[in-house]
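# Chains, contacts and geometry: an overview
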Amino acid sequence: MAVKEAVTADTLTAVEESPVQSIFKNKNFLLLWGAALLSSFGISFFLFSQSWYVVNVLNLEASLGFIYIAASIPRVLFMIISGTVADRYSKTKIMFMSDFIRGLLLIGLVVWFLFGGITLWTFVGFAFFFGILDAFFWAAESAIIPAIIRKENLTRGNSIIQMTNQTSFILAPMLAGVIIAFGSYEVVFGTTAVMLIIASILIIMMRIPKSADQEANSQQAFWETFKEGVVYVKNSRILSLVLLTTVFINLFMTGPMTMGLPLFVKNILDGSAVDFSLLEAGLAGGMLIGAIVIGILNLNKRRGEIALLSLIVGGLAFAGMSFTTNLWLSMITLGIFGLTLSFTNIPFIAAIQGMIEEKVIGRVMGLISLASMGLIPVSYVITSGMLALGLSIHHIMAGGAILVVAYTIFVYFRFNELRTMN
């Protein structure tokens, strides 16, 4: 695999003697963090509010799937090229345009509310455009982090962004519910628009000089740049293994979990919507705690081994949760699973960001995002097919988790380069 070459002895000495600046004194990172906070809260506001409006006002609960499909299909399709775009053009401008356009769309939605005529298809249309913009934003955000912070802080930087996202998933729905209860949908969507526009302003304030690699990429034909990224990943066994591991996690565990938790609560726990929300809170809380711990430790050694061992523990915890019949035990095991997800995802991402050449970082991160998000709809289809064959949801969830554990154990002992990856 082509990775960054070793620096000269003089340069190495200078780097070793240069103290690592605190990540909280890095202006570019602080601007990115503020933008991530506002963006994640805004998007969480929007997702919760649109779902609640469709269910509570339009009384079309069974039609929510149309919104998810409308967002996921363009997101997956544009993820294929989003990394190439991020490597050819300014990442800050891509993120700025994504947030700013989403803000303008939501202003349009507020105006639509004021004049009336909101239907299910209104939200389907907005979900379609949000899906496209999400694809480009995520690729650019993942690729910009190693450009603004030093390698020694990559784990901490990723953990802070992950922690921010998880906090928004926990707090934003509650805040949006309060605004809806005491205000209106126009207020909550207007608030979301303001958040996204402010986030876009913070992003455009970042100062990242255009690199020679970006200049070289922009001179290539677009599809030549795209193919170069695919070949780069194909020729790297570590990156290929990371992509395959990502596929396994999302195809056999994350997909069944996302689709199966409501069924698990209803059929196994004999619970209510409140019980479902508690399980979701347990998962998000575990991921948040994991992100905080990773950020404090700022792991920089043997990140591959930590990630793989965490995935094994997480798979066992998820398999155990599948056979619980007690709500609180389910919450605890799901919280452990969430914690190990952070211990798997953040070290892997930080290690990859630190070893990849800058000129292909967007394409590699885009392919990883595609492997992460792209196969979840396929997982839904597989899970639905197994349910149609009469398999119980807890058997499906446990089976997927055991497959992931078996695969991870095989990779751990078979591929030393992934286990020892820093």
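Residues numbered from 1 in each chain as written. Predicted model: local features only at pLDDT ≥ 70, side-chain atom pairs only at ≥ 80, totals over all residues. Heavy atoms only, no water.

Threshold: UniProt positions are given in the numbering used here, feature names are shortened, and annotations may be inferred rather than shown by experiment.
An unreviewed UniProt entry lists the protein chain under the name MFS transporter, from Thalassobacillus hwangdonensis. Taken from UniProt, the Subcellular location (unreviewed entry) comment for the protein chain reads in full: "Cell membrane".

### Regarding the pattern of salt bridges
Basically, it comes down to this: When a carboxyl oxygen of Asp or Glu lies within 4 Å of a side-chain nitrogen of Lys or Arg, that pair is called a salt bridge. Secondary structure follows DSSP: runs of H or I at least 4 residues long count as helices, runs of E at least 2 residues long count as strands, and numbering of each begins at the N terminus. Exposure is judged per residue with a 1.4 Å probe applied to protein chains only, and the accessible area is read against the type maximum: over 50% gives exposed, under 20% gives buried, and values in between give partly exposed.
Throughout the structure, instances matching the rule amount to eight salt bridges. Across the pair Asp-87 and Arg-363 runs a salt bridge, and its minimum N-O distance is 2.7 Å. On the criterion of sequence distance, the pair formed by Asp-87 in helix H3 (residues 64-88) and Arg-363 in helix H14 (residues 361-373) is long-range, its members being 276 residues apart. Assessed through its relative accessible area of 3%, Arg-363 is described here as buried. Close ionic contact of Lys-227 with Glu-224 constitutes a salt bridge, the shortest N to O distance being 3.3 Å. A residue pair is termed a helical-turn pair when its members lie 3 or 4 positions apart in one helix, as Lys-227 and Glu-224 do in helix H9 (residues 222-234) at three residues.

### Looking at the nonpolar core
Our working rule: Put simply, buried Ala, Val, Leu, Ile, Met, Phe, Trp, Tyr and Cys residues joined by side-chain atoms within 4.5 Å make one nonpolar core. The contact definition used throughout considers only heavy atoms, calling two residues in contact when any of these lie within 4.5 Å.
Leu-106, Leu-109, Phe-113, Phe-123 and Phe-189 are the most contacted members of the largest nonpolar core, which totals 29 residues. When residues of this core are traced back to their parent elements, those giving at least two are helix H2 (27-56), H3, helix H4 (91-115), helix H5 (120-148), helix H6 (154-182) and helix H7 (185-204). Residues contacting Leu-106, with those up to four places away along its chain left out, are Phe-46, Phe-126, Phe-130, Phe-189, Thr-192, Ala-193 and Leu-196. Counting residues in each nonpolar core, the second largest holds 28 residues, with Tyr-232, Ile-238, Leu-239 and Ile-356 among its members.

### Section: the packing of aromatic side chains
Selection rule: Centres within 6.5 Å make a pair out of two Phe, Tyr or Trp rings, where for Trp the six-membered ring is used; the pair is then stacked when the planes are under 30 degrees apart, edge-to-face when over 60, and tilted otherwise.
As enumerated under the stated definition, the model contains 19 aromatic pairs in all. Look at Trp-112 and Phe-126: their rings are 6.3 Å apart centre to centre, the planes differ by 55 degrees, and that puts the pair in the tilted class. With Trp-112 in helix H4 and Phe-126 in helix H5, this residue pair connects regions lying 14 residues apart in the sequence. With a centroid separation of 5.5 Å and 85 degrees between ring planes, the pair formed by Phe-128 and Phe-129 is classed as edge-to-face. You can call Phe-128 partly exposed: its relative accessible area is 37%. On the accessibility criterion, Phe-129 (45% relative accessible area) is partly exposed.

### Thoughts on H9
The following threshold applies: Expected span of a helix: the number of residues minus one, times 1.5 Å. For this quantity, the arc is that covered by the directions from the helix axis to the C-beta atoms.
Its 13 residues give H9 an end-to-end C-alpha distance of 19 Å, which sits within 8% of 18 Å, the value for a rise of 1.5 Å per residue. Residues of H9 that are buried: Thr-225, Phe-226, Gly-229, Tyr-232 and Val-233. Down the axis of H9, the buried side of the element spans an arc of 125 degrees, and every buried residue falls inside it. Exposed and oriented more than 90 degrees from the buried face of H9 are Trp-223 and Lys-234.

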